[in-house]
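Structural overview
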Amino acid sequence: MKEVCNSCHSSLHTNGFFTQADKAVELYNVGYYDPAKKMLDELREKNLLKDNPWTDEFQIVFYHLWHHEGRRARQGALMGAPDYAHWHGFFELQLDMYKLEEIYEKRLETGEIE
C-alpha cells in the first residue's frame, strides 16, 4: 500500500499517515472496544443481558460502538476523512461509552435488566 502512496507523496508523508492511522486504530481498540467488551462480558457472566440482543439497549449500543461509530472512526482515519473520523466516529464513540457505562453500572447496582 505504501508503494502506491509513495508514487505521489514523499515517504515522510506516507509513513506519517500510516503512523497516524495505526494510532487511530489503537485508540479505538484500547480506549473504546476493549472496555466496552469487558463490560459486555461481565454482564453476560452475571446474566444481566437479554436473550434477544435487539431488545437490549446495552447490546444495541455495543453493536453501534463496534459496527457503526467504530467503523467510521477507523475508516475515516485510514481514508483521510477527518470529519468521519471525529464527528461520526470518535465523538459518537464517546457518547456510546457514556451510555454503556450508565447501563452497566445500573445493572450491576440493581442486579436487574431495565
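Here's a quick rundown of the structure. None of the values given here were measured: they were computed from a predicted structure.

**Describing helix α2 (residues 11-45)**
- Spanning 35 residues, α2 covers 48 Å between terminal C-alpha atoms, matching the ideal 51 Å at 1.5 Å per step.
- The largest bend in α2 comes to about 35 degrees, at Y33, with the proline P35 one to four residues further on.
- Those residues of α2 that fall on the buried side of the exposure criterion are T14, F18, A21, A24, Y28, Y32, A36, M39, L40 and L43.
- Looking at the buried positions of α2, the neighbouring elements they touch are α1 (2-6), α3 (57-78) and α4 (82-110).
- N47 sits one or two residues past α2 and shows a positive phi near 55 degrees.

**Examining the environment of R74**
- You can see R74 is positioned in helix α3.
- By relative accessible area, which is 21% here, R74 ends up partly exposed.
- Placed 51 residues apart in sequence, R74 and K23 show a C-alpha to C-alpha distance of 9.7 Å.

**A few points about a negative patch on the surface**
- A cluster of acidic side chains, namely E101, E102, E105 and E109, defines a negative patch on the protein surface.
- Relative to the assigned elements, E101 resides in helix α4.
- Since its relative accessible area comes to 32%, E101 is described here as partly exposed.

**Things to note about the nonpolar core**
- Ranked by size, the top nonpolar core spans 22 residues in total, and within it Y32, F58, L65, F90, L93, M97 and L100 carry the most contacts.
- Listing elements by their share of this core, those giving two or more residues are α2, α3 and α4.
- Once residues within four sequence positions are removed from consideration, M97 is found in contact with Y32, P35, A36, M39 and L65.

Calculation rules
Residues numbered from 1 in each chain as written. Predicted model: local features only at pLDDT ≥ 70, side-chain atom pairs only at ≥ 80, totals over all residues. Heavy atoms only, no water. Helix = DSSP H or I, 4+ residues; strand = E, 2+ residues; numbered from the N terminus. Expected span 1.5 Å × (residues − 1). Bend = angle between axes of the 7 residues up to and from the residue. Buried < 20%, exposed > 50% of the residue type's maximum accessible area, 1.4 Å probe, protein only. Contact = heavy atoms within 4.5 Å. Patch = residues over 30% accessible without salt bridge, like charges linked within 9 Å, V, L, I, M, F, W, Y side chains within 5 Å. Areas by Shrake-Rupley, 256 points an atom, 1.4 Å probe, with all protein chains shown as cover. Salt bridge = Lys/Arg side-chain N within 4 Å of Asp/Glu carboxyl O. Lys, Arg positive; Asp, Glu negative; His and termini not counted. Charge placed at Lys NZ, Arg CZ, Asp CG, Glu CD. Core = buried A, V, L, I, M, F, W, Y, C linked by side-chain atoms within 4.5 Å.

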